[in-house]
Amino acid sequence: SQQGEEDPQALSIQEGENATMNCSYKTSINNLQWYRQNSGRGLVHLILIRSNEREKHSGRLRVTLDTSKKSSSLLITASRAADTASYFCATDGNQGGKLIFGQGTELSVKP
Amino acid sequence: DGGITQSPKYLFRKEGQNVTLSCEQNLNHDAMYWYRQDPGQGLRLIYYSQIVNDFQKGDIAEGYSVSREKKESFPLTVTSAQKNPTAFYLCASSIWGSEQFFGPGTRLTVL
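This is a predicted model, so every value here is computed, not measured. Counting of residues starts from 1 at the beginning of each chain's written sequence and follows it residue by residue. The order in which chains are written sets their letters, starting at A; the order in which ligands are written sets their numbers, starting at 1. Two thresholds apply to this predicted model, a pLDDT of at least 70 for residue-level local features and 80 or more for giving and counting side-chain atom pairs, whereas whole-chain, interface and lining totals are computed over all residues. Derived side-chain values reflect all non-hydrogen atoms in the structure, with water molecules and hydrogen atoms excluded from consideration.

## Some words on the overall build of chain B
At step 1: A tally of regular secondary structure across chain B gives zero helices and eleven strands.
At step 2: Mapped from its N terminus to its C terminus, chain B presents α and β elements in the order β-β-β-β-β-β-β-β-β-β-β.
At step 3: Our radius of gyration looks at C-alpha atoms and nothing else; its globule reference is 2.2 Å times the residue count to the power 0.38. In terms of overall dimensions, chain B is globule-like: its C-alpha atoms have a radius of gyration of 13 Å, near the 13 Å expected for 111 residues.
At step 4: Taking the principal axes of the C-alpha coordinates as reference, chain B spans close to 35 × 25 × 25 Å. Secondary structure elements follow DSSP: runs of H or I of four or more residues count as helices, runs of E of two or more count as strands, with numbering from the N terminus.

## Considering the sheet that holds strand β3 (residues 19–25) of chain B
Residue and element names in this part refer to chain B.
At step 1: Pairing is antiparallel in the open sheet, where four strands are placed in the order β1-β3-β8-β7. Of all strands in the sheet, those with a lone pairing partner are β1 (4–7) and β7 (64–66), marking the two edges. Averaged over neighbouring strand pairs, the angle between their axes works out to 20° when direction is ignored.
At step 2: Bridge count between β7 and strand β8 (residues 76–78): three bridges; the pairing is antiparallel. Bridge pairing links Tyr64 to Val78 in β8. Strand pairing is assigned whenever DSSP detects at least two bridges linking the two strands. A fitted line through C-alpha atoms serves as each axis, taken over the contacting stretch for helices, and the angle formed by two N-to-C directions is quoted from 0 to 180°.

## Remarks on unusual backbone geometry
Apart from glycine, the bulk of residues carry a negative phi angle, and the bulk of peptide bonds sit in the trans form.
At step 1: A cis amide bond, omega 0°, links Asp7 of chain A with the succeeding residue Pro8 of chain A.
At step 2: By the secondary structure assignment, Pro8 of chain A is in the loop between β1 (5–7) and β2 (10–14).
At step 3: A cis amide bond links Ser7 of chain B with the next residue in sequence, Pro8 of chain B, at an omega value of -5°.
At step 4: Structurally, the position occupied by Pro8 of chain B is in the loop between β1 and β2 (10–13).
At step 5: Phi at Ala78 of chain A takes a positive value of approximately 45°, unusual for a residue other than glycine.
At step 6: Tracing the backbone shows Ala78 of chain A in the loop between β8 (71–76) and β9 (85–91).
At step 7: Any residue under 20% of the maximum accessible area for its type is buried, any over 50% is exposed, and the rest in between are partly exposed; the area is computed with a 1.4 Å probe on protein chains only. Residue classification places Ala78 of chain A among the partly exposed positions, given a relative accessible area of 38%.
At step 8: Notably, Asn28 of chain B is not glycine yet its phi reads approximately 60°, a positive angle.

## Concerning the interface of chain A and chain B
At step 1: Here a residue-residue contact requires only that any non-hydrogen atoms of the pair lie within 4.5 Å. In this assembly, 21 residues from chain A lie in contact with 22 residues from chain B.
At step 2: Regarding the contact of chain A and chain B, the summed buried area is about 1,600 Å², with carbon and sulfur atoms giving 51% of it.
At step 3: Definition used for salt bridges: Asp or Glu carboxyl oxygen within 4 Å of a side-chain nitrogen of Lys or Arg. Applying the counting criterion to the chain A and chain B interface returns zero salt bridges.
At step 4: Pairing of N or O atoms within 3.5 Å defines a polar contact, subject to two protein rules: one partner must be a possible hydrogen donor and the other a possible acceptor, and residues neighboring in sequence count only if both atoms are side-chain atoms. Scanning the region where chain A abuts chain B turns up four residue pairs in polar contact (both at pLDDT 80 or more).
At step 5: Elements that contribute at least two residues to the side of chain A that touches chain B include exactly β4 (31–37) and β5 (43–50) of chain A.
At step 6: In this classification, Asp, Glu, Lys and Arg are treated as charged, Ala, Val, Leu, Ile, Met, Phe, Trp, Tyr, Cys and Pro as nonpolar, and every other residue, Gly included, as polar. Residue classes in the side of chain A that touches chain B are distributed as six nonpolar, 13 polar and two charged. When two parts are brought into contact, each loses some accessible area as probed by a 1.4 Å sphere; the total of that loss over both is the buried area.

## Here's the deal with the side chain of Lys98 of chain A
At step 1: Along the polypeptide, Lys98 of chain A turns up in the loop between β9 and β10 (100–101).
At step 2: Residues contacting Lys98 of chain A, with those up to four places away along its chain left out, are Thr91 and Asp92 of chain A together with Leu45, Tyr48 and Trp96 of chain B.

## Section: the packing of aromatic side chains
Residues and elements named next belong to chain B.
At step 1: Classification of ring pairs rests on two measures: the distance between centres of Phe, Tyr or Trp rings, Trp counted by its six-membered ring, which must be within 6.5 Å, and the angle between planes, read as stacked under 30 degrees, edge-to-face over 60 and tilted in between. Within this structure, the stated rule accounts for ten aromatic pairs over all chains.
At step 2: Their ring planes at 35° and their centres at 5.7 Å tell us that Tyr35 and Phe102 sit as a pair that is tilted. Of the two residues, Tyr35 is situated in strand β4 (residues 31–37) and Phe102 in strand β10 (residues 101–102); the sequence distance between them amounts to 67 residues.
At step 3: Owing to a relative accessible area of 1%, Tyr35 belongs among the buried residues under this scheme.

This is how it looks when you write it as structure tokens:
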């Protein structure tokens, strides 16, 4: 079952702009994770935010979590063409290590 | 050089054949996972294993089988009972409850 839903499904921006992707989920969680996938490749872990955290930063990435709204957002600042990829959120649904992935946001950054 | 590997990269199967996809990790992780990804979709969990000699069905286990005889290895067999096996298969490993590390994937096509 797909717990996470990303919005938008696709996003096209110019280099240097910020990109914001949103994720909504249905059940309570211990943590929420964001992953990146380049076309035809495996996923790469970006950031993990725990249910008792509200915001987390990693380089140009900023993740927020609102457990009352069951939603999270991923902000990529000053985007680059190399950021072009699909981005997925995943939640553990309070089931420990088992992750439930959303359908992803396809980001295209034009030079 | 730690990591997770999958082989082969591409696999072609005739109808009625069983095929086995390989997944090996040297990250010393107890947990391993198999996912299926269809075009434009998120990941769906096929099987997972929290510890050697133990594994559990995921959301779409029908037509698939696994074994976990060694900590480093978690092979997936796609049986003839899987009616629509053409997909991209991803293996991952982790410390249970933490970020998952993904292999490069195997693209399976039924001829």
